[in-house]
Amino acid sequence: AQRVTQPEKLLSVFKGAPVELKCNYSYSGSPELFWYVQYSRQRLQLLLRHISRESIKGFTADLNKGETSFHLKKPFAQEEDSAMYYCALNRGSGNTPLVFGKGTRLSVIA
Amino acid sequence: DVKVTQSSRYLVKRTGEKVFLECVQDMDHENMFWYRQDPGLGLRLIYFSYDVKMKEKGDIPEGYSVSREKKERFSLILESASTNQTSMYLCASSTGPPNEKLFFGSGTQLSVL
């Protein structure tokens, strides 16, 4: 079965320190992975997708098929990065719903 | 910009009541979804719909039903609310396939007493 694991419920880092939010997935096919973010009092929104290989707000994520991981990284954390982060997996080809991990709350301490 | 509107931000209901949660999107998206968001459990899919009058069960459909009579509106129904349905409910829409970019509503915090 398709599954997304985010092992950390809470991650606290100091401002300026590197950040890595972990995400591991279980899927037998060719995965499509995403990171969604929810800032305080805002809607959940797409942060980035692995297909695009983009950097958004300084965050990057690389798909590692060997380790079945899609960790989210940023070299220097900012206070405004404090939010809830969800990793998500497209559970099949075509029109199938995303499956989300349980989320990691990132707290950046000034 | 896509707007997904959930009719209530907060709702308080009693056990056994029938509860309707409404969601409307204004971008002509084919796909609509209902998730519940619980601390430590993340987002769990309740029901989804890819077309008018069409519905599919998600991962946790028990105790819920849905209605999609018009393309822009997707309603979640709790036939007989129970305390374990106290949660934040999120509606989302997307144009697909594929279902990459979901647009979420601001959520309805439902408390069942």
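Structure's up top.
Predicted model only: the values in this text are computed from it and were never measured. (Residues numbered from 1 in each chain as written. Chains lettered and ligands numbered in written order. Predicted model: local features only at pLDDT ≥ 70, side-chain atom pairs only at ≥ 80, totals over all residues. Heavy atoms only, no water.)

Time to look at the state of the cysteines. Residue and element names in this part refer to chain A. Taken as a whole and judged by the stated rule, the model has two disulfides over all chains. One disulfide in the model links Cys-23 with Cys-87; its S-S distance is 2.0 Å. Disulfide Cys-23-Cys-87: the torsion about the S-S bond is -65 degrees, which places it as left-handed. Residue Cys-23 is located in the loop between strand E3 (19-21) and strand E4 (24-26), and its partner Cys-87 is located in strand E9 (residues 83-90); the two are separated by 64 residues in the primary sequence. (Disulfide = S-S within 2.5 Å. Helix = DSSP H or I, 4+ residues; strand = E, 2+ residues; numbered from the N terminus.)

So, on to the sheet that holds strand E7 (residues 60-61) of chain A. Residue and element names in this part refer to chain A. The three strands are arranged E3-E8-E7 in an open sheet whose pairing can be described as antiparallel. If you trace the sheet from one side to the other, it starts and ends with E3 and E7, each paired once. In terms of strand pairing, E3 meets strand E8 (residues 72-74) through three bridges, oriented antiparallel. The residue of E8 that forms the bridge with Glu-20 is Lys-73. (Pairing = 2+ DSSP bridges.)

Residue and element names in this part refer to chain A. In total, this model carries 10 salt bridges over all chains according to the counting rule given. The partner of Glu-20 in a salt bridge is Lys-22, and the shortest N-O contact between them spans 3.0 Å. Accessibility expressed as a relative area gives 28% for Glu-20, which makes it partly exposed. One salt-bridge network, in which partners are shared between bridges, spans Glu-20, Lys-22 and Lys-73. (Salt bridge = Lys/Arg side-chain N within 4 Å of Asp/Glu carboxyl O. Buried < 20%, exposed > 50% of the residue type's maximum accessible area, 1.4 Å probe, protein only.)

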